[in-house]
Amino acid sequence: MALPGKEAMIAEVVSIAVECIDCGRNRWWKPAELKRFGVTAQTPLAALSGRLRCSACRADGLPGAAISIQAAFIDEQQQRRAEARMLGEREIPLERSRRA
Ligand SMILES: [Zn+2]
């Protein structure tokens, strides 16, 4: 994701698409839903993929760390919503890196 000038933060996005590259599961998350993964408004987008793990892959004994992030910025909300509707319905289950 090319972000010239400054680093984008969670505060600037309306939703975040999280895709597991290993198993293909994906889901759009609202920033508020990611709070339980330690994500706040000040979290840089670039740090997201390091915080999230795919629990489906972990259940299979894989790291589940090949996470791809796509952010829907507030300015692009309408366009990205249309894109989100085109995504599949399989949801990616997420968990903290450390099990509770
Ligand atoms: Zn996965």
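Calculation rules
- Once a new chain begins, its residue numbering starts again from 1 and follows that chain's sequence as written.
- The model is predicted, so local features are restricted to residues of pLDDT at least 70 and side-chain atom pairs to those at 80 or more, both for listing and for counting; the totals for chains, interfaces and linings are taken over all residues.
- Only DSSP runs of H or I covering at least 4 residues are called helices, and only runs of E covering at least 2 are called strands; the numbering of each starts at the N terminus.
- Three classes are used. A residue is buried when 20 or more other C-beta atoms lie within 10 Å of its own, exposed when 12 or fewer do, and partly exposed in between, with C-beta atoms placed from the backbone.
- We call two residues in contact whenever the C-beta atoms placed from their backbones are within 7 Å.
- A set of buried residues qualifies as a nonpolar core if it consists of Ala, Val, Leu, Ile, Met, Phe, Trp, Tyr and Cys joined through C-beta atoms within 7 Å.
- Two strands qualify as a pair provided DSSP detects at least 2 bridges between them.
- Inter-axis angles, ranging from 0 to 180 degrees, are taken between N-to-C directions of lines fitted to C-alpha atoms, where helices are fitted over the stretch in contact.
- For every residue, the predictor states its confidence as a pLDDT score lying anywhere from 0 to 100.

### Overview of the overall build of the chain
Then step 1. Tallying secondary structure elements over the chain gives 3 helices and 5 strands in all.
Then step 2. Here the chain holds 100 residues, and the buried ones make up 28% of them.
Then step 3. Intrachain contacts of the chain at a sequence separation of at least 6 include 70% that bridge at least 24 residues.

### Let's talk about the nonpolar core
Looking at soluble globular proteins, one finds that nonpolar side chains tend to be buried together.
Then step 1. Membership of the largest hydrophobic core comes to 19 residues, with the highest contact counts inside it found for Ile16 and Val18.
Then step 2. Elements with a minimum of two residues in this core: β1 (13–20), β2 (26–29), α1 (45–51), α2 (55–59) and β4 (67–73).
Then step 3. Top contributing element to this core by residue count: β1, with 4 residues.

### A short note on the pairing of β1
Then step 1. Burial runs high along β1: 6 of the 8 residues are buried.
Then step 2. Inspection of the sheet shows β1 paired to β4 by 7 bridges, in the antiparallel sense. For Ile16, the partnering residue across the bridge sits in β4 and is Ala71.
Then step 3. As defined by bridge partners, β1 adjoins β2 across 4 bridges and the pair is classed as antiparallel.

### Things to note about the sheet that holds β2
Then step 1. Here 3 strands make up an open sheet; going across it, the order is β2-β1-β4 and the pairing antiparallel. The open sheet has two edge strands with one neighbour each: β2 and β4. Direction aside, the axes of adjacent strands within the sheet are offset by 20° on average.

### Digging into the confidence of the model for the chain
Then step 1. Of the residues in the chain, 75% have a pLDDT of 70 or more, and the chain-wide mean is 83.
Then step 2. Looking at the elements of the chain, mean pLDDT is at its lowest for helix α3 (residues 77–86), recorded as 63, and at its highest for α2, recorded as 94.

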